[in-house]
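The lines below spell out each chain.
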Amino acid sequence: MSTQADCIFCKIARGEAPAHRVCEDERTLAFMDIFPVTDGHTLVITKDHFENVFETDEDALAAVARTSHRVAAAIRSELSPDGLMVFQLNGRAAGQTVFHYHMHLMPRAQGVPLALHTRVPGVPARLAELAGRLARALVASAVVFACIGIAGCASNRERELWKNEWNGRLDAMKSDWEHPCATRPFIAWADGFLGDCENEPRGDADCDARLAWVDERVQQCRAWTAWQLRNFNQHQRSEGAAPSMRIE
Ligand code: AMP
Ligand code: ZN
């Protein structure tokens, strides 16, 4: 990552400054704008420091476009805005105030005007809530997949497929931020699933083994989430390596 010591967005990307993070991958990071012009105003930045569009390379732009597309879908599913403004400013004359390349995503409600750019601070609790909701919406498809994978005591073969898919997703993400967001809805679902099974015991040994397997995943997710809560959105990651989310 090529970063600049005193750039605020570089500091956020390095985890040295706080932000209400939504998601991240190898090249990009999305977080809530701290002076939201509309409710849900989100920024997508490159992790590398580029001052503006003229300095970026095509790959970085493509990476920002991909993340913006995903975050836009999450904004639509979570906030159901009437419209979405996507824009990006280059140079003081164009109104740029942070000189690190970034895309603005602003959900719009019909007839509701924009707040003044960079003037009115957002309410931290609201920013945190929105970041959490968008992060969860981003991984909803992974969670749905997980649920289908084990619902109704999946067969050993299905379980194996699910395991490979899950581990593959972890490998593909490289970044360690995205998947923990999946764990909270996963835990809620798996807890419910286990509870239902306890109320209606199925009895056979195979089923018990599969339930134990789901239970183990829940424990793994709990450890991950606990670690995440202690570490993310702090100035520094204080607790060393994350517990593995791989399924062995
Ligand atoms: P621009 O004027 O296009 O450069 O936009 C910069 C945006 O970054 C503005 O909307 C600011 O509200 C926002 N901003 C500045 N500092 C922070 C920060 N520390 N965390 C989140 N957003 C920020
Ligand atoms: Zn920077």
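Residues numbered from 1 in each chain as written. Chains lettered and ligands numbered in written order. Predicted model: local features only at pLDDT ≥ 70, side-chain atom pairs only at ≥ 80, totals over all residues.

## Notes on the site of ligand 1
Worth spelling out the cut-off: Nearness between a residue and a molecule or strand is assessed with a C-beta atom placed from the backbone; a distance within 6 Å qualifies. Three classes are used: nonpolar for Ala, Val, Leu, Ile, Met, Phe, Trp, Tyr, Cys and Pro, charged for Asp, Glu, Lys and Arg, and polar for all others, with Gly counted as polar.
Ligand 1 sits among 13 residues. The nearest are I34, F35, L89, T97 and V98. Taken together, the residues of the shell around ligand 1 sort by class into seven nonpolar, five polar and one charged.

## With respect to the confidence of the model for the protein
Quick note on the threshold: Confidence of the prediction at every residue is given by pLDDT, a number between 0 and 100. Only runs of H or I of at least four residues qualify as helices and only runs of E of at least two qualify as strands under DSSP, and these elements are numbered from the N terminus. The contact rule is simple: place each C-beta atom from the backbone, and if two of them lie within 7 Å, those residues are in contact.
Per-residue pLDDT for the protein averages 77, and the proportion of residues at 70 or more is 62%. At the low end of the mean pLDDT range in the protein sits helix 4 (residues 140–150), at 49; at the high end sits strand 3 (residues 42–46), at 98. The low-confidence segment residues 174–180 (pLDDT under 50) makes 19 contacts with residues lying over four places distant or belonging to another chain.

## Describing unusual backbone geometry
For clarity, the threshold we go by: With C-beta atoms placed from the backbone, a residue is labelled by how many other C-beta atoms lie within 10 Å of its own: buried for 20 or more, exposed for 12 or fewer, partly exposed between the two.
Phi at S80 takes a positive value of approximately 45 degrees, unusual for a residue other than glycine. Take S80: it is sitting in the loop between helix 2 (58–79) and strand 4 (83–87). For S80, a count of 9 C-beta atoms within 10 Å translates into the label exposed.

## Regarding the sheet that holds strand 5 (residues 102–108)
The following threshold applies: In this analysis, strands are considered paired if DSSP registers two or more bridges between them. The angle between two axes is taken between their N-to-C directions and runs from 0 to 180 degrees, where each axis is a line fitted to C-alpha atoms and a helix contributes only its stretch in contact.
Here five strands make up an open sheet; going across it, the order is 1-2-3-5-4 and the pairing antiparallel. This sheet does not close on itself; its edge strands, each paired only once, are strand 1 (21–24) and strand 4. Going from strand to strand, the sheet's axes swing by 15 degrees on average, the running direction of each strand aside. Contacts from helix 2 reach strand 1, strand 2 (28–32), strand 3, strand 4 and strand 5 within the one sheet, and its direction differs from that of strand 3 by about 160 degrees. Here helix 3 (residues 124–138) sits on the sheet and contacts strand 1, strand 2 and strand 3; the angle it forms with strand 1, its principal contact strand, is near 30 degrees.

## A look at the pairing of strand 1
Along a regular strand, successive side chains alternate from one face of the sheet to the other. Both strand 1 and strand 2 contribute to a ladder of three bridges, which runs antiparallel. Looking at strand 2, one finds that R21 is bridged to F31.

## Details of helix 2
How we decide: The span expected for a helix works out to 1.5 Å for each residue beyond the first. Directions pointing from the helix axis toward each C-beta atom define the arc.
Here helix 2 is 22 residues long and its end C-alpha atoms lie 31 Å apart, about the 32 Å a rise of 1.5 Å per residue gives. For helix 2, the complete set of buried residues consists of A63, V64, T67, S68, V71, A74 and I75. Each buried residue of helix 2 lies within a common arc of 135 degrees when the element is viewed along its axis, so the set occupies one face. Of the residues in helix 2, the exposed ones pointing more than 90 degrees away from the buried face are E58, D59, A62 and H69. Packing partners of the buried residues in helix 2 comprise strand 1, strand 2, strand 3, strand 4, strand 5 and helix 3. Downstream of helix 2 by a residue or two, S80 has a phi angle that is positive, lying close to 45 degrees.

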